[in-house]
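# Structural overview for review
Letter by letter, the chains look like this.
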Amino acid sequence: MSNVTATGTVWNLPCYAGQLYTSTPTETPFLNLIAHKAVKTDNFQFPTGAEYSHEQAAQPAITEAGSLTAPTAISYVRSQSDNVTQIFQERVSVSYARLSGSGRLSGITGMLAGAEVPGELEFQTARALEKIARDIEYTFINGTYQLASAADVANKTRGIINACATSVDAEGAVLTRAMVNGALAAAYAAGATFTDTVLLCGAAVKQAITDAYASQWGFSAPPSREMAGANIMQIETDFGRMSVLLSRFVPAGTLIGADISCIRPVEQDVPGKGCFFREPLSKTGAAEEYQIFGQIGLDHGPMWKHFVISGIGAAEA
């Protein structure tokens, strides 16, 4: 059944008995990985770091006579990088008639019929929070940066893909270890330190990683006659060990190398309310109406710490 963008009533929110399921995935692995590191801000525009760079390394050739005069000073200029928090907001509205009609069941009923979901308002609130979490997961991965310049211009936080200084286009080629090694070498040349790098990907690229790295053993000796296959969740590289994290919101054909050590959510509290709270709206009729409101953004740290491979093609069947 399609969702409705209206107040929930007896007629558009039918009651059904039985176990509750959804075919819409609700897991948010990237958000879950970094949520415990969340920090607060009181400005929607926040710094993701102040950076500086050195001159090209070289061997000095300073004579004794030359050393009697100090060289020309080099002043190291810092630059500021930033991101923004953005608003996530949902409305929950259920009529009094619907709240008082929890005993009216639709569809098949019988001996196995269980009680309706306890509390329609609580059910709708929980689903709204799930929607917000999914939107945050999507935004933290795919978000494009926009700084508000007026009340009618939205702040939009930059996601990790757009925070990758090193970008490699696979141009439709199948993922290989050589391709991953090339991206790692390019990121290393750009300054990446791979402190705690996680490889984020979708289903097809996850399978491509397993195919690329499991094949090095050839599977000539399976562990038993009842078990076969592989599931590569970590890879050992010349730059350290990296975990593989599967997220449904990574675009197809994309592999992200994100250094988690410098990534964290940034929350902007409303005084006296906190971040992500539910509050009642003004009464206009016979319905319970609430809004859920929160402001959050992604502190992705220095962009040179991350890399992305895009345009990865599908393996031949």
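Okay, so let's go over this structure. (Residues numbered from 1 in each chain as written. Predicted model: local features only at pLDDT ≥ 70, side-chain atom pairs only at ≥ 80, totals over all residues. Heavy atoms only, no water.)

## Observations concerning the overall build of the protein chain
Scanning the protein chain from N- to C-terminus turns up 6 helices and 13 strands. By the compact-globule yardstick of 20 Å for 317 residues, the protein chain is too spread out, its C-alpha radius of gyration being 26 Å. Here the protein chain holds 317 residues, and 37% of them are scored as buried. For the protein chain, long-range pairs separated by at least 24 residues make up 81% of all intrachain contacts whose partners lie at least 6 apart in sequence. Element-wise, carbon and sulfur atoms account for 53% of the exposed surface of the protein chain, whose accessible area totals about 19000 Å². Of the charged side chains in the protein chain, 21 are positive and 29 negative; the average position of the first set lies 6 Å away from that of the second. (Helix = DSSP H or I, 4+ residues; strand = E, 2+ residues; numbered from the N terminus. Rg over C-alpha atoms; globule rule 2.2 N^0.38 Å. Buried < 20%, exposed > 50% of the residue type's maximum accessible area, 1.4 Å probe, protein only. Contact = heavy atoms within 4.5 Å. Areas by Shrake-Rupley, 256 points an atom, 1.4 Å probe, with all protein chains shown as cover. Lys, Arg positive; Asp, Glu negative; His and termini not counted. Charge placed at Lys NZ, Arg CZ, Asp CG, Glu CD.)

## So, unusual backbone geometry
For residues other than glycine, phi is negative in most cases, and the peptide bonds are mostly trans. Non-glycine residue glutamate 171 carries a positive phi angle of around 55°. In this model, phenylalanine 194 sits at a positive phi of 55°, which is unusual for a non-glycine residue. As for its placement among the helices and strands, phenylalanine 194 is situated in the loop between helix H5 (177–189) and strand E6 (197–201). Here phenylalanine 194 falls in the buried class, since its relative accessible area comes to 8%.

## What to know about the side chain of glutamine 291
Relative to the helices and strands, glutamine 291 is located in strand E12 (residues 287–299). Judged by its relative accessible area of 15%, glutamine 291 is buried. There is a polar contact of 2.6 Å between the side chain of glutamine 291 and the side chain of glutamine 89. One polar contact links glutamine 291 to glutamate 279, side chain to side chain, over a distance of 2.6 Å. Those residues within four positions of glutamine 291 in sequence are excluded, and the remaining contacts are Gln89, Glu90, Arg91, Phe277, Arg278, Glu279 and Leu281. (Polar contact = N/O pair within 3.5 Å; in protein donor to acceptor, adjacent residues only side chain to side chain.)

## Notes on the packing of aromatic side chains
Aromatic ring pairs are described here by two measures, namely the spacing of the ring centres and the angle between the planes. In this structure the tally under the stated criterion is 5 aromatic pairs. Their ring planes at 35° and their centres at 5.2 Å tell us that tyrosine 188 and phenylalanine 239 sit as a pair that is tilted. Of the two residues, tyrosine 188 sits in helix H5 while phenylalanine 239 sits in the loop between strand E7 (234–237) and strand E8 (240–246), which places them 51 residues apart along the sequence. The exposed category is assigned to tyrosine 188, whose relative accessible area is 52%. (Phe/Tyr/Trp six-rings, centres within 6.5 Å; stacked < 30°, edge-to-face > 60°.)

## Considerations on a nonpolar patch on the surface
Nonpolar side chains collect at one region of the surface, where Tyr52, Ile74 and Tyr76 lie side by side and expose about 340 Å² of accessible area between them. Residue placement: tyrosine 76 occurs in the loop between helix H2 (64–67) and strand E3 (79–84). Taking relative accessible area as the criterion, tyrosine 76 reaches 41% and is therefore assigned partly exposed. (Patch = residues over 30% accessible without salt bridge, like charges linked within 9 Å, V, L, I, M, F, W, Y side chains within 5 Å. Salt bridge = Lys/Arg side-chain N within 4 Å of Asp/Glu carboxyl O.)

## As for the sheet that holds E8
Strand pairing in a sheet relies on backbone hydrogen bonds. The paired strands run either parallel or antiparallel. Here 6 strands make up an open sheet; going across it, the order is E5-E13-E9-E6-E8-E7 and the pairing mixed. In this open sheet, the two edge strands, each paired with only one partner strand, are strand E5 (166–169) and E7. Each strand axis lies, on average, 20° off the axis of its neighbour in the sheet, ignoring direction. As defined by bridge partners, E6 adjoins E8 across 4 bridges and the pair is classed as parallel. Residue pairing across strands places valine 198 opposite serine 243, the latter belonging to E8. Across the sheet, H5 is in contact with E5, E7, E8, strand E9 (255–259) and strand E13 (307–310); its angle to E13 comes to roughly 145°. (Pairing = 2+ DSSP bridges. Axes fitted to C-alpha atoms, helices over the stretch in contact; angles between N-to-C directions.)

## Side note on the nonpolar core
With 31 residues, the main nonpolar core has Phe30, Phe140, Ile160, Ile256 and Ile263 as its most contacted residues. If you list the elements that add at least two residues to this core, you get helix H1 (29–34), strand E4 (86–95), helix H4 (120–142), E6, E9 and E12. In this structure isoleucine 160 touches Phe30, Phe140, Ile141, Leu200, Ile256, Ala258, Ile263, Leu298, His300 and His306, once residues within four positions along its chain are discounted. Formed by 25 residues, the second largest nonpolar core is a distinct cluster that contains Leu175, Ala183, Leu184 and Phe307. (Core = buried A, V, L, I, M, F, W, Y, C linked by side-chain atoms within 4.5 Å.)

## Description of the side chain of serine 247
Mapping serine 247 onto the fold places it in the loop between E8 and E9. A distance of 3.0 Å separates polar atoms of two side chains, one belonging to serine 247 and the other to glutamate 137. Apart from residues no more than four positions distant in its own chain, serine 247 is found in contact with Pro29, Glu137, Ile141, Cys201 and Gly202.

## Description of the state of the cysteines
Considering all chains together, one arrives at 0 disulfides under this definition. Unpaired in terms of disulfides, cysteine 164 finds its nearest cysteine sulfur in cysteine 262, a separation of 10 Å. Taking the relative accessible area as the measure of exposure, cysteine 262 reaches 17% and is therefore buried. (Disulfide = S-S within 2.5 Å.)

These values are about where atoms sit, not about what they do.
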